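# A structural walkthrough
Listed here are the chains, written in short residue letters.
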Amino acid sequence: MPQFSIIIPVYRVEEYLEKCVDSILAQTCQDFELLLIDDGSPDGSGAICDRYAASHPNQVRALHQPNGGAGAARNRGIELAQGDYLLFVDGDDWLAPNLLEDLSASIAATPADLYLFGALVERDGKVTGELHEELPADLPTHTKDAPQLFFGVMAPWNRAYRRTLFTEGGIRFATKVWYEDIRIVTKVLALAEQVVRLPGAYYHYLQREGSAMNNKNCARNVEILYAFDDILGWFGEHGLREAYRDELTFLAISHLLIAASVRVARIDCKSELLGQFRDYMEKNFPDFRENRYLPRLDRNKRLVYRLLLKRRYRVVRLLFRMKEALGR
């Protein structure tokens, strides 16, 4: 069995897929299988998957399914994966050549359930940012001792997971929804006994127009409420809601009250969703104003937070329009 199973959901990435797959096949550690899950892509992506499977039959599998969204594609990969650890890579991103080698060395030195690594954010051929989790490098930690992990990158692609977190923990991606990643990351963090962060940045994340977070479909932001319903329900069922009460509250402040409200206000500052977000916080996190992690908000987020509490949605929209005009 391979040490790593790399799962790529493939949909409308014909322009980028070869660079992504080539970066995986060029890994200095070759102890992996690559699962290319063609999610009913209408472009030539499926044919590219088949070509790689034919040229690398011992390492690459191409599977085709009707469109079900990235979550459904990842779920199929989880079901078919044979590796000890899973990695999820988006088809328009790519990996540094030494990622798997460094992961393998870290696993041998410090066995853990979850390994985190940095990511470079790229846009128009330039690196525009670097993402790292707030955790000392190469030091095994439990999330109960590192609550800051709940406030980091809410994406599935900057980490390697012990496969049993999914198979024995019963965790699966939601399908055809927005905010699917936050559901997965929070649950995995709660189940992981040991977490280790590698010091380097190995994942190249391509920032493109058209992502859900840049989408102008205002109404679909209601799905942040569904995501938190799912998270709170799962933590309750597993007897973990009280243990992570403060962390879940701050997560809701950051992603629901602030980020989702800003996305909606920039589109329609009269949207009923803004009131629904506020009501959800009052009902499910009634003491959120006293949350002990509020000092973690930077100056700009503190300003937006205060404006949202005062229902100054027009001012929030104006602030972000000014920011866009200044190119910041």
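These notes cover the structure that comes with them. (Residues numbered from 1 in each chain as written. Predicted model: local features only at pLDDT ≥ 70, side-chain atom pairs only at ≥ 80, totals over all residues. Heavy atoms only, no water.)

Turning our attention to the nonpolar core. One finds F166, F228, F235, F285 and Y305 to be the most contacted residues of the largest nonpolar core, which totals 75 residues. Examining the composition of this core, we find that 12 residues originate from one element, helix 8 (residues 245-267), more than from any other. Contacts of F285, omitting those with residues within four sequence positions, involve F228, L232, L248, T249, A252 and Y280. (Core = buried A, V, L, I, M, F, W, Y, C linked by side-chain atoms within 4.5 Å. Buried < 20%, exposed > 50% of the residue type's maximum accessible area, 1.4 Å probe, protein only. Helix = DSSP H or I, 4+ residues; strand = E, 2+ residues; numbered from the N terminus. Contact = heavy atoms within 4.5 Å.)

Next up on the list: unusual backbone geometry. At R12, a residue that is not glycine, the phi angle is positive and equals roughly 55°. By secondary structure assignment, the location of R12 is in the loop between strand 1 (4-10) and helix 1 (17-25). Phi is positive for Y179, which is not a glycine, with a value near 60°. Its place among the elements puts Y179 in the loop between helix 5 (164-167) and helix 6 (180-191).

Another point: empty space enclosed by the protein. A probe matching the size of a water molecule, rolled over the atoms, marks out where space remains unfilled. Following the criterion strictly, the structure yields 1 cavity of 30 Å³ or more and no others. Each pocket or cavity is described by its volume, and for the largest cavity that value is around 30 Å³. What lines the largest cavity is simply L257, S261, L274, R278, L308 and Y313. Of all the secondary-structure elements, those providing two or more residues to the lining of the largest cavity are helix 8 and helix 9 (272-284). Here the residues of the lining of the largest cavity sort into 4 nonpolar, 1 polar and 1 charged. (1 Å grid on protein atoms, 1.4 Å probe; cavity = no way out; pocket = protein on both sides within 12 Å on 5 of 7 lines; lining within 4 Å. Points joined across faces, edges and corners; volume = space filled by probe spheres on them. Nonpolar A, V, L, I, M, F, W, Y, C, P; charged D, E, K, R; others polar.)

Next up on the list: helix 9. Here helix 9 spans 18 Å end to end across 13 residues, near enough to the 18 Å set by a 1.5 Å rise per residue. Among the residues of helix 9, those classed as buried are L273, L274, F277, R278, Y280 and M281. Down the axis of helix 9, the smallest arc covering the buried residues is 155°, so these residues share one side. Residues of helix 9 that are exposed and angled more than 90 degrees away from the buried face: E272, D279 and K283. (Expected span 1.5 Å × (residues − 1). Arc of directions from axis to C-beta.)

Turning to the packing of aromatic side chains, a few remarks are in order. The full count for this structure, using the stated rule, is 17 aromatic pairs. Seen in terms of ring centroids, F88 and Y161 are 5.5 Å apart; in terms of plane orientation they differ by 65°. Their pairing is edge-to-face. Residue F88 is located in strand 4 (residues 85-88), and its partner Y161 is located in strand 8 (residues 159-162); the two are separated by 73 residues in the primary sequence. Each member of the pair, F88 together with Y161, is buried. One aromatic cluster is present, formed by F88, Y161, F166 and F173 through successive ring pairs. (Phe/Tyr/Trp six-rings, centres within 6.5 Å; stacked < 30°, edge-to-face > 60°.)

Two side chains bearing opposite charge may form a pair once their charged atoms approach each other closely. Counting across every chain of the model gives 16 salt bridges. Between D287 and R245 there is a salt bridge whose closest N-O contact spans 2.5 Å. On the criterion of sequence distance, the pair formed by D287 in the loop between helix 9 and helix 10 (299-309) and R245 in helix 8 is long-range, its members being 42 residues apart. The exposure class assigned to D287 is partly exposed, which follows from its relative accessible area of 28%. (Salt bridge = Lys/Arg side-chain N within 4 Å of Asp/Glu carboxyl O.)

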